[in-house]
Amino acid sequence: MSKSSIFHLKAPYKPAGSQPQAIEQLNTGRPCKSTLLGVTGSGKTFTLANVIAQQNKPVLVLSPNKTLAAQLYEEFSLFFPDNKVCYFVSYYDYYQPESYLPAQDIYIPKETKVNAEIERLRVEATASIINRPDTIVVASVSAIYSLGNPADYREMSFSIKVGQKLSRKELIDQLITTQYKRNDVDLTAAGNFKVVGSTITINVPYMHDNLRIELFGEEIELIELVDKQEHKVLRTLKDFLIFPAKHFITPQDKRESAIAQIENDLEHEVATMTNPLYKERLQTRINHDVDMLKQTGYCTGIENYSRYFDGRKPGEAPYTLFDFFDENFLLIIDESHITVPQFRGMYNGDRARKKALIEYGFRLNSAFDNRPLKFDEIERFFNNVIFVSATPGPYELEKSDHIAQQIVRPTGIIDPPIEIVGREGQLTHLMEQIQQTNKKGWRTLITVLTKKAAETLAKYLEQQKIKVCYMHSEIKTPERTKLLYKLRTGVFDCLVGINLLREGLDLPEVGLVAIMDADIEGFLRDERSLIQTIGRAARNTESKVILYADKVTGSMKGALAEAKRRRDAQAAYNKEHGITPKNVARDVKQSITQLQERIAKASAASKTRQIRKPKNAEQAQALIQELEIEMQQAAEELDFEKAIALRDKILGLRKTFGDELKQT
């Protein structure tokens, strides 16, 4: 580690296997574009931690989903306990975007369920970026969505210090201006503050402790950090910088200018419309929003006016998390073979949904500018980037200045042997393999292509007295974690799922991975997915993989060839260095991580959305349209398991109402 590094890496072990070479390659010639091609189980996160430790700049790590981001957050928190590690993902537990279905004349209002803990963590992330150079932010693709102007965020923050002349009223006014809410009864919500005499206590969103300010007359006498539960004084401060409680915040002069522009654009757009219904609709909706903005500074759907408040021109890129960093930061894109395609799909899906809202008088054209970044706009931040994947995509390989290959695992484990077995008698063969694996004390993972196939197979195995569990898209993170705990401890011997590329399935107890219908080409059976799924068996020296197929597809050939290349390199390294492979040792933890636990508690505070049951064909048709939008969104985010589940609901509705749907 560099002597001048702002990051302090703490780890109980040193780099091994391919890690030392990968670390050296990734640190050479920075800033640049590079790729870490690391096989499953090779310790890619530890390699990245070593790279970060030699950089004197803040770090942004992007992950394809919330749960993988949470895992990375926990790992980096352990590696860098003396530095600031933050978590930034979408704060919606549920999100139904506003949309309009012209064919059915159905308007679907925006419906959301916000997670208060994630909202707090997001504010903590942006405040830390501005306030601390030794910050690592682990984020999902939510990072490419509009966030508010960072210049306004900085401008609206204010500092306080002991001895400063500041009246009680002035301090309260400043807090309210920066989106804090006075509540003298309940201080539990982030962003609330209470006033008792000359003492003001603030639940600062970006701190784990409350901030207490004591005034003597019109002067700050004492500033303290106080434990939220015990109310004990933890630390006395000389000064403190208070950031806004929310990201979307605008100075008063800008707000007045923005409202004037909204009114001007409304007048212009109404003048170009020919349909009287659309004219009236647009005028009514926008005038109502303007009245709310004038009276309260807020309105429902305020994000659709973000361009005005940000001071952006039509079509100009929105401000995002990227803009809170200075130009000199390190960007790491984890699971880049998934994350990069996600970047490409976000903008088009968002624009297609808003097009109908604008054409039919629900929104001004400015709604188009409340959007995720386009891919070329994201590429502007790829000046100093590391793409990370076991199977990098064409984009990463083409754009990288150099590629660091991490093939040899610190444990010496080589990639598992692979067998191809025909479909005839496959269930009998699978049963025998599961039983043999059980006798060795190991577990089995089975992946299928559809939810129905998973349910059928799980039911069959249960009838054969196999202790089996079934994992699907509707199982939330806490339940997933409990299932995996039960699998690891032997409550279950076998897990059946659709997409085993998802998080949390790199388990050392897995001795067999069975891939059903391996010869059916598609996303879940292409070369990259097969290599990734085969990697689920790479934590155990006795594990193996079985592909059930009647033919060898091009994807299978590619996956088999890559597996052989890796096995040969790993075996040669072990022989040269006299290494005996050993299984990964990992404690079996019953509870989910502290971060996930806090998020789960916040999520439980509000009711889970239930899909309503339609009473007639018209309601069924409207629900199908909603589900199709949600299915398309899931597919664009590469959450195929959720997309499959939604497709099955749609097919069920069409089967139930049949010919009646054709008449609506």
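Our structure's up above, just so we're on the same page.
The rules we used
- Residues numbered from 1 in each chain as written.
- Predicted model: local features only at pLDDT ≥ 70, side-chain atom pairs only at ≥ 80, totals over all residues.
- Heavy atoms only, no water.
- Buried < 20%, exposed > 50% of the residue type's maximum accessible area, 1.4 Å probe, protein only.
- Helix = DSSP H or I, 4+ residues; strand = E, 2+ residues; numbered from the N terminus.
- Arc of directions from axis to C-beta.
- Pairing = 2+ DSSP bridges.
- Axes fitted to C-alpha atoms, helices over the stretch in contact; angles between N-to-C directions.
- Parallel < 35°, antiparallel > 145°, perpendicular 65-115°, else oblique.
- Left-handed = near helix turned anticlockwise from the far one by under 90°.
- Contact = heavy atoms within 4.5 Å.
- Nonpolar A, V, L, I, M, F, W, Y, C, P; charged D, E, K, R; others polar.
- Expected span 1.5 Å × (residues − 1).
- Polar contact = N/O pair within 3.5 Å; in protein donor to acceptor, adjacent residues only side chain to side chain.
- Salt bridge = Lys/Arg side-chain N within 4 Å of Asp/Glu carboxyl O.

**Q** Let's hear about helix 1 (residues 19–27): which residues, and what values?
**A** Among the residues of helix 1, those classed as buried are Gln19, Ala22, Ile23, Leu26 and Asn27. The buried residues of helix 1 all sit within an arc of 125° when viewed along its axis, so they share a single face. Taken from the residues just after helix 1, Gly29 is the one with a positive phi, measuring 75°.

**Q** I'd like a description of the sheet that holds strand 2 (residues 59–62), backed by residues and values.
**A** Spatially, 7 strands are ordered 3-8-2-17-18-1-19 in an open sheet, and the strand pairing comes out parallel. The outermost strands of the open sheet, each flanked by one partner alone, are strand 3 (84–88) and strand 19 (402–406). Within the sheet, the average angular offset between the axes of one strand and its neighbour, ignoring direction, is 20°. Summarising the sheet, strand 2 and strand 17 (residues 330–334) pair through 4 bridges and their orientation is parallel. Looking at the pairing, Leu60 lines up with Leu331 of strand 17.

**Q** Before we move on, can you summarise the packing of helix 2 (residues 44–52) against helix 3 (residues 66–79) with the specific residues and values?
**A** The contact between helix 2 and helix 3 brings their axes to 11 Å, and the two run at 50°. The orientation of helix 2 with respect to helix 3, classified from their angle, is oblique. Here helix 2 runs over helix 3; the crossing is right-handed. Across the interface between the two elements, Thr45, Phe46, Leu48, Ala49 and Ile52 from helix 2 touch Leu72, Glu75, Phe76 and Phe79 from helix 3. In terms of residue class, the contact of helix 2 with helix 3 is built from 7 nonpolar, 1 polar and 1 charged.

**Q** I'd like a description of helix 8 (residues 276–296), backed by residues and values.
**A** The end-to-end C-alpha separation of helix 8 is 30 Å, in line with the 30 Å expected for 21 residues at 1.5 Å each. For helix 8, every residue scored as buried is listed here: Arg281, Leu282, Ile286, Asp289, Val290 and Leu293. The buried residues of helix 8 occupy an angular sector of 150° when the element is viewed end-on, so they sit on one face. Exposed side of helix 8, more than 90 degrees from the buried face: Pro276, Glu280, Thr284, Lys294, Gln295 and Thr296 are the residues found there. The N-terminus of helix 8 is capped by Asn275, whose side-chain oxygen sits 2.8 Å from the backbone nitrogen of Leu277. Phi turns positive one or two residues past the end of helix 8, at Gly297, with a value near 80°.

**Q** Explain the pairing of strand 14 (residues 220–226) to me, and be specific about the residues and the numbers.
**A** Most of strand 14 is tucked away: 5 of the 7 residues are buried. When strand 13 (residues 210–215) meets strand 14, the two strands line up antiparallel, connected through 6 bridges. Each residue of the ladder has a partner; that of Asn210, found in strand 14, is Val226. Taken together, strand 13 and the strand that follows it, strand 14, pair antiparallel across an intervening segment of 4 residues, in which Gly217 is found at a positive phi of about 65°. Here strand 14 runs beside strand 15 (residues 233–237); their pairing, made up of 4 bridges, is antiparallel. From the neighbouring strand, Ile223 faces strand 15, where its bridge partner is Leu237. Where strand 14 hands over to strand 15, the hairpin turn is made up of 6 residues, of which His231 adopts a positive phi near 60°.

**Q** I'd love a proper account of the pattern of salt bridges, names of residues and values included.
**A** Within this structure, the stated rule accounts for 31 salt bridges. Its salt-bridge partner being Arg132, residue Asp134 comes within 2.9 Å of it at the nearest N-O pair. Under the relative-accessibility criterion, Asp134 is labelled buried at 11%. Residue class for Arg132 comes out partly exposed when judged on its relative accessible area of 31%. Asp415 is the salt-bridge partner of Arg409, the closest N and O atoms lying 2.8 Å from each other. Like Asp415, Arg409 is buried. Three or more residues joined by partner-sharing salt bridges are found here, namely Glu98, Arg285, Asp289 and Arg363.

**Q** Account for the sheet that holds strand 21 (residues 443–447), with residues named and values stated.
**A** Sheet strands pair by backbone hydrogen bonding; their relative direction is either parallel or antiparallel. With respect to topology, 6 strands assemble into an open sheet ordered 20-25-24-21-23-22, the strand pairing being parallel. If you trace the sheet from one side to the other, it starts and ends with strand 20 (418–421) and strand 22 (468–471), each paired once. Averaged over all pairs of adjacent strands, the angle between their axes in this sheet comes to 20°, without regard to strand direction. The sheet contact formed by strand 24 (residues 510–515) and strand 25 (residues 544–548) spans 4 bridges and is parallel. Counted as the bridge partner of Leu512 is Lys544 from strand 25. Contacts from helix 13 (residues 426–439) reach strand 20, strand 21, strand 23 (494–497), strand 24 and strand 25 within the one sheet, and its direction differs from that of strand 25 by about 170°. This element, helix 16 (residues 527–534), spans strand 20, strand 21, strand 24 and strand 25 of the sheet and lies at about 155° to strand 24.

**Q** How would you summarise unusual backbone geometry if you had to cite specific residues and measurements?
**A** With an omega of 5°, the peptide bond between Arg30 and Pro31 qualifies as cis. Within the fold, Pro31 resides in the loop between helix 1 and strand 1 (33–38). One non-glycine residue, Glu335, adopts positive backbone phi at about 45°. Residue Glu335 is classed as buried on the basis of its relative accessible area, which comes to 18%. The phi dihedral of Lys465 is positive, around 70°, even though this residue is not glycine. Mapped onto the elements, Lys465 comes out in the loop between helix 14 (451–463) and strand 22.

Remember, this is a structural readout, not a statement about activity or role.
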